[in-house]
Amino acid sequence: MDTDLWKLPLHALAAKLKSRSISPIDIVDTCLQRIEKLDAKLHAFVDIFAVEARGAAEAADKAIRSGHAVGPLHGIPIALKDLIELEGRVATGGSVVWRNRRSTRTASVAQKLISAGMIVIGKTHTVEFAFGGWGTNQHLGTPWNPWDAKTHRTPGGSSSGSGVAVAARMVPCAIGTDTGGSVRLPAAWCGITGLKTTIGRISTHGVLPLTPTLDTPG
């Protein structure tokens, strides 16, 4: 396996998958190794779906090798902000009060990603109920901006964990939500690219709301 896969951006990984020079298993294993190595300090993830992600990678590998790839994202790992619901999974919304709350539905944005063949590798930390731009969470912990290994600097919020996970190359991409800057701020502070999508372009069904008229996945 190419040990430098974690350095590659999403489009380069997709190209390697298309050429079959790597497999989804290689990418998922690389991500899980990075998470195991770094996340104890960086604290980007609320939950990691290692067993499920490996199973999905094996299934994606078989589909791609048999000529049944569903698109350029098939086999690419992704992390989801812990406002985005997955049926049966804990969705805390960044609040310790909801630490054991389990979702009864899967968000539309998650359904679309999974339908495109993406592999959800885990859920990422957020500011409590997404209400804040610094990225801090006094109860569940604040992710560590990966650009300073000595000083715990804020990563920006509220999609703090997603920003840190991508900046530290633990995943090639992640979903956050943006109401007043909650994707754009972590992207800027962590030195990556973030996009606030057009309101209404992507459904927020199954995304825990802050301000429904302004909330967008990104």
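Bear in mind that the values here come from a model prediction, so they are computed numbers and not experimental data.

A.B. asks: Which parts of the structure should I look at to understand the sheet that holds strand S1 (residues 45–48)?
C.D. replies: Strands belonging to one sheet form pairs held by backbone hydrogen bonds; the direction of such a pair is parallel or antiparallel. Spatial ordering of the open sheet is given by S1-S3-S2-S4, a layout of four strands whose pairing is mixed. The open sheet has two free edges, formed respectively by S1 and strand S4 (174–175), since each of these has just one partner strand. Note: strand S2 (residues 77–81) against S4, two bridges, orientation parallel. Among the inter-strand pairings, leucine 80 is bridged to a residue of S4, identified as isoleucine 175. Across the sheet, helix H2 (residues 24–42) lies against S1, S2 and strand S3 (119–124), angled at about 15° from S3, the strand it touches most. Relative to the sheet, helix H3 (residues 50–65) contacts S1 and S3, its axis offset from that of S3 by approximately 160°.

A.B. asks: Help me out: how do you make sense of empty space enclosed by the protein in this one?
C.D. replies: Considering all chains together, one arrives at two cavities of 30 Å³ or more under this definition. Lining the largest cavity are Leu5, Trp6, Leu8, Leu13, Ile27, Thr30, Cys31, Arg169, Met170, Val171 and Pro172. It is H2 that provides the largest number of residues to the lining of the largest cavity, a total of three residues. Within the lining of the largest cavity, the residues separate by chemical class into nine nonpolar, one polar and one charged. As a volume, the second largest cavity reaches approximately 40 Å³. Contributing to the lining of the second largest cavity are Leu83, Ala130, Thr177, Thr179, Val207, Leu208, Pro209, Leu210 and Asp215.

A.B. asks: Any chance you could explain the pairing of S2 here in plain terms?
C.D. replies: Residues in a regular strand point their side chains to alternate faces of the sheet. Counting buried positions along S2 gives five out of five residues, so the element sits mostly inside the fold. Of the two faces of S2, the one carrying Pro77, Ala79 and Lys81 and the one carrying Ile78 and Leu80 are both buried. Here S2 runs beside S3; their pairing, made up of five bridges, is parallel. The residue of S3 that forms the bridge with proline 77 is isoleucine 119.

A.B. asks: Help me understand the environment of isoleucine 64, please; the structure alone is not making it clear to me.
C.D. replies: Secondary-structure assignment places isoleucine 64 in helix H3. Overall, isoleucine 64 belongs to the buried group, its relative accessible area being 11%. In sequence terms isoleucine 64 and leucine 17 are 47 residues apart; their C-alpha atoms lie 8.3 Å from each other. If we ignore the near neighbours within four places in the chain, the residues touching isoleucine 64 are Leu17, Arg20, Pro24, Ala69 and His74.

A.B. asks: Any chance you could explain the nonpolar core here in plain terms?
C.D. replies: When a protein is soluble and globular, its nonpolar side chains tend to lie buried together. Among the nonpolar cores identified, the biggest contains 45 residues, and Ile27, Phe45, Leu80, Ile84, Ile121, Met170 and Val171 are the most heavily contacted of them. For this core, the elements supplying multiple residues, two or more each, are helix H1 (10–19), H2, H3, S2, helix H4 (108–115), S3, helix H5 (160–167) and S4. The greatest single-element share of this core, amounting to six residues, is contributed by H2. Apart from residues no more than four positions distant in its own chain, isoleucine 27 is found in contact with Leu5, Leu13, Leu17, Ile22, Gly75, Ile76 and Pro77.

A.B. asks: Just to check I follow, could you spell out the packing of aromatic side chains for this structure?
C.D. replies: Two aromatic rings are characterised by how far apart their centres lie and by the angle between their planes. In total, this model carries two aromatic pairs according to the counting rule given. Geometrically, the ring pair formed by tryptophan 98 and phenylalanine 129 is edge-to-face, given 5.2 Å between the ring centres and 85° between the ring planes. Taken together, the residues span a long stretch of sequence, with tryptophan 98 in the loop between S2 and H4 and phenylalanine 129 in the loop between S3 and H5 at a distance of 31 residues. With a centroid separation of 5.7 Å and 55° between ring planes, the pair formed by tryptophan 134 and tryptophan 189 is classed as tilted. Remark: tryptophan 189 occurs in helix H6 (residues 184–190) and tryptophan 134 occurs in the loop between S3 and H5; sequence separation between them is 55 residues. Lying across the ring of tryptophan 144, lysine 41 places its NZ or CZ 4.6 Å from the centre. Residue placement shows arginine 101 over the ring face of tryptophan 98; its charged tip is 4.7 Å from the ring centre.

A.B. asks: Hey, could you run me through unusual backbone geometry in this one?
C.D. replies: Glycine 157 connects to serine 158 through a cis peptide bond whose omega is 10°. Structurally, serine 158 is set in the loop between S3 and H5. For histidine 43, which is not a glycine, the phi torsion comes out positive at approximately 60°. Inspection of the secondary structure puts histidine 43 in the loop between H2 and S1. The backbone of phenylalanine 129 sits at a positive phi, close to 55°, despite the residue not being glycine.

About the criteria used
- Residues numbered from 1 in each chain as written.
- Predicted model: local features only at pLDDT ≥ 70, side-chain atom pairs only at ≥ 80, totals over all residues.
- Heavy atoms only, no water.
- Pairing = 2+ DSSP bridges.
- Helix = DSSP H or I, 4+ residues; strand = E, 2+ residues; numbered from the N terminus.
- Contact = heavy atoms within 4.5 Å.
- Axes fitted to C-alpha atoms, helices over the stretch in contact; angles between N-to-C directions.
- 1 Å grid on protein atoms, 1.4 Å probe; cavity = no way out; pocket = protein on both sides within 12 Å on 5 of 7 lines; lining within 4 Å.
- Points joined across faces, edges and corners; volume = space filled by probe spheres on them.
- Nonpolar A, V, L, I, M, F, W, Y, C, P; charged D, E, K, R; others polar.
- Buried < 20%, exposed > 50% of the residue type's maximum accessible area, 1.4 Å probe, protein only.
- Core = buried A, V, L, I, M, F, W, Y, C linked by side-chain atoms within 4.5 Å.
- Phe/Tyr/Trp six-rings, centres within 6.5 Å; stacked < 30°, edge-to-face > 60°.
- Lys NZ or Arg CZ within 6 Å of the ring centre and 35° of its normal.

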